[in-house]
Structures are given as structure tokens and as C-alpha cells.
Amino acid sequence: MENFILYNPTKLYFGKNQIQKLKEELKGYNHILLVYGGGSIKKTGLYDQVTDILKEAKVLAYELSGVEPNPKITLVRKGIDLVKKNKVDLILAVGGGSTIDCAKAISIGSVSDYDIMEIFKYNKPAKKVIKLGVILTLSATGSEMNPRIVISDNSENLKLGIGNFDLNVTYPDFSICDPTFTLTVPLNQTINGVIDIISHVLEQYFNQNKNSILGDEIAESILRTMFDLGPKIIKDLENYELRETMMICGTLAWNGLLRGLTNNGDWSCHGMEHALSAVYDIPHAEGLAIITPIWMDFVSKIDSSKFVSLAKNVFKINTENKTDDEIAIKAIEYYRNFLSNLHAPTSMKYYNITEFDLDALVEKTLLGKKTLGHYVVLSEEEVKDLLNKCFIGE
Ligand code: NZQ
Ligand code: ZN
């Protein structure tokens, strides 16, 4: 193993009725900014539940609604103005990854000496002054217990991620994760959640860390759980136990634990996907479904070792009398079938995109770096080739 820091300051309230702890968490705060998305929390009744608690706690509440999937910098700026104008001391995000990320960006942008986009573009230092609370409504990103923020700027077709795992700057201070709030997540977003959670684990599973027994075991157990859960949950969206399992998998997949044990993992697929959704504004997990098998085909020919473990320990494929290369092909076939059973897109043709600027996509993937990934280090040309395959495949 490599040396690592494991630090996670988020207080997690997990399970049914944990929203009752919100009032306690509001103690000491006076001005709250409630951040939410396009209205699902109003339909589900969660908005009323939360605003009743805010009233009981006698805090002044301001609102920022309309956070879109792939949250935009324009709304972040609006939030920053609201925080500054109203002396907000706690931001409360109620929603999925987009809402949480928007709230995180507002929290640092409100107290920064730099413009918020400079922090994203040039990794300028950020500080924490405004506290951040989360009520999670969608299991996918892990943003409820991690410091990452992903924000899009449509004016430049940029989608950028920041957030340091070793510092308490962008972690939520508390997160209320009640699976009940995810029972209303529609089929397409549930499928996206399954794919994103699996991808977060795979990105870390594919690493060259020596002596990664424990990291591998933890990753494989989340993967086994999620590969088993995926086909079940799409037929039983309101099953509490499945939602509960998915929620804890999503949080543990990307909260720093695996990251330390796997020496940061690979993350090539996320890098290329962020470029695809920066330019085409497609859902994050759909982009991952397109790029991941393409990436797997390429890297498995260079290093099949982790594909063999995946086939044996997660997919339980019969590997008798097969070479490692044959086993790797079987593992990728298994993953492709899994995605196809979830009706995930397999190509950018799904969006009727016929014109594409590969050089621009490569630039948005590499963001100034010369190579991508760690399990197999990809050159600029290789990144270009993989991105190209996203558009030409069926
Ligand atoms: O906006 P509303 O009306 O709330 O509807 C949302 C939205 O349309 C809906 N939804 C959420 N909870 C619901 C619900 N509908 C019914 N019932 C509920 N309980 O779901 C839609 C998608 O929501 P969104 O927050 O966009 O989804 P997700 O959690 O997948 O977040 C995606 C964003 O997170 C970024 C992605 O790139 C993308 O921008 N990521 C953030 C990461 C992080 N911070 O660590 C890591 C990820 O790899 C990812 O990059
Ligand atoms: Zn992701």
C-alpha cells in the first residue's frame, strides 16, 4: 500500500426518520439558504417537511431553487449573491449530487477572494466559513459525504471538478440520508445512480497499488452488492431495503475510504465523461455507460489482471481452461450485458450527435495534463481514439 490520509468530517445521519435531527443541527444558525432542484422535493412533500422544521427552529430561510442536472455556474453566482446579501450562515442542500455540488460551490464562493470560476479553473485555494448541511434525495454521486464539487459553465462548455479530500473545506458538515426520500426517484435516474455508483468503485478498483487486498475486497463487496441490486431495483423502485442498500453503497463508494486504500485509483472514464457532458450536457451516468466499456476494451489488452479478478470475484464467471485475455473479454461482455439490461446508452449516436470536435473533447478531458489515468496511462492520442469510438460505435 502507499501512504494515505483518511479524513472525513461529515456527520452522517443514516436511516428512517433521521430528519428529526435537523432541528438540532440548526441550533446556533440564524440565516439559512435552502438550495434545491427543479421541484421534485415539492412533489414528494419533503419541501414542506423541511420548511416546517425551519419555521419551528425560528431561523430565517432564503431559497435558491432550479438547480439543474450538471449544475451551472450562473446559478452558483446567484446563490453567492443571496448568501452575501442576507448574511447566510448555513446552506442546506436538499436533493441529489447536482444540488449538493451547487451548494458546496456557493459555500466557498461566498467567502473567497477569487471569483468562483477562478477557483475551478486554476485550483485557487478556497476556505470554509459558511457551514453546509445536506438532505440527500438521490443515491449516486457520494457528494453527501465527500469534498468533490462538479460545476458546468455553458459559456465555455466546461465541466470542472475540485475538492480536496484532506481538508475540511468542501465536505458537508452533516448529511441526512434517509432512503425513504429516494423511493420516488424515477426509473431513468435510478439506473443512472446504479451506473455511477458502480463506476466510482471501478475507477478505484482499477489501480496498480501493491498489496491492495483490503481495498480490493471492499471494492468487490460493493460491486457484488450493486451488480445484484441493479436488475432488482429497476423492477421494484419503491422497495425500501433496496433503496437503503443502494444509498449506503453510494456513500461508501466515494467518501475517501476506497480512495486511500486504492492509491487514488484511475478515473480516466470520469475524465472523458466530464468532457462529453461539458459539451453535450448529457447525464453523467449515461456518458459513463458509453465510455467505460470502450476504455475496458483498450486497457484490458495492456493489463488484464484486474479484469480477471473482476470476472472471478464479482461476476463469478467460470474461468476454467481460459487464458487471462479470454477471461478479460468475458468480464467486459458481462458488464456490457448488465448495462444493456439497464437500457443504458452505448454510443453518442443515442443523442443523434453526428458532428463532433475531437480535439476540443481531448482538451476538455486532459485540462492541461499530458496523460490520463493510472491503471494504464493513456496518451493524448489514445484518449482521442477512445473518445472517437464513443461517436462511431452503435
Ligand atoms: O431537480 P429535481 O426536481 O430535484 O429532480 C432531480 C433531477 O432532475 C431528480 N431527483 C432527485 N431526487 C429525486 C428526484 N426525482 C424524484 N424523486 C427524488 N427523490 O433527479 C434528477 C437528477 O438529479 P441530479 O442531482 O442531477 O443527479 P445526480 O445525483 O446523479 O448528480 C449528478 C451530478 O453530480 C456530478 C455529475 O457530474 C452531475 O453533475 N457528480 C458529482 C460528484 C461528486 N460531487 O462527488 C461525483 C460524480 O462522479 C459526478 O461527477
Ligand atoms: Zn460519477
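Details of the structure are given in the entry above.
The structure contained in this document is the topic of the report that follows. (Residues numbered from 1 in each chain as written. Chains lettered and ligands numbered in written order. Predicted model: local features only at pLDDT ≥ 70, side-chain atom pairs only at ≥ 80, totals over all residues. Heavy atoms only, no water.)

### Considering the coordination of the zinc ion (ligand 2)
- Protein-derived ligands of the zinc ion (ligand 2) are Asp196 (OD), His200 (NE2), His270 (NE2) and His284 (NE2), with the metal-ligand distances lying across 2.0 to 2.1 Å.
- On the primary sequence, the residues serving as donors to the zinc ion (ligand 2) are separated as D-x3-H-x69-H-x13-H. Placement of the pair is aspartate 196 and histidine 200 together in helix 7 (residues 187-205), with a separation of 4 residues, close to one helical turn.
- A relative accessible area of 3% places histidine 200 in the buried class. (Donors = N, O, S within 2.8 Å, 3.2 Å for Na, K, Ca; no water. Helix = DSSP H or I, 4+ residues; strand = E, 2+ residues; numbered from the N terminus. Buried < 20%, exposed > 50% of the residue type's maximum accessible area, 1.4 Å probe, protein only.)

### A word on the packing of aromatic side chains
- Enumeration according to the criterion identifies 19 aromatic pairs in this entry.
- Consider the rings of tryptophan 254 and tryptophan 267, whose centres lie 4.3 Å apart with planes at 40°: the pair is tilted. Residue tryptophan 254 is located in the loop between helix 9 (240-253) and helix 10 (257-261), and its partner tryptophan 267 is located in the loop between helix 10 and helix 11 (268-280); the two are separated by 13 residues in the primary sequence. Accessibility classification places tryptophan 254 together with tryptophan 267 in one group, the buried group.
- Ring geometry for tyrosine 350 and tyrosine 351: centres 5.0 Å apart, planes at 85°, overall edge-to-face.
- Classification of tyrosine 350 as exposed rests on a relative accessible area of 52%.
- One aromatic cluster in this structure is built from Tyr7, Phe165, Tyr171, Trp254 and Trp267.
- Against the face of tyrosine 240 rests lysine 16, its NZ or CZ located 4.2 Å from the ring centre.
- Geometry around tyrosine 47 places lysine 42 over its ring, the cationic atom sitting 4.6 Å from the centre. (Phe/Tyr/Trp six-rings, centres within 6.5 Å; stacked < 30°, edge-to-face > 60°. Lys NZ or Arg CZ within 6 Å of the ring centre and 35° of its normal.)

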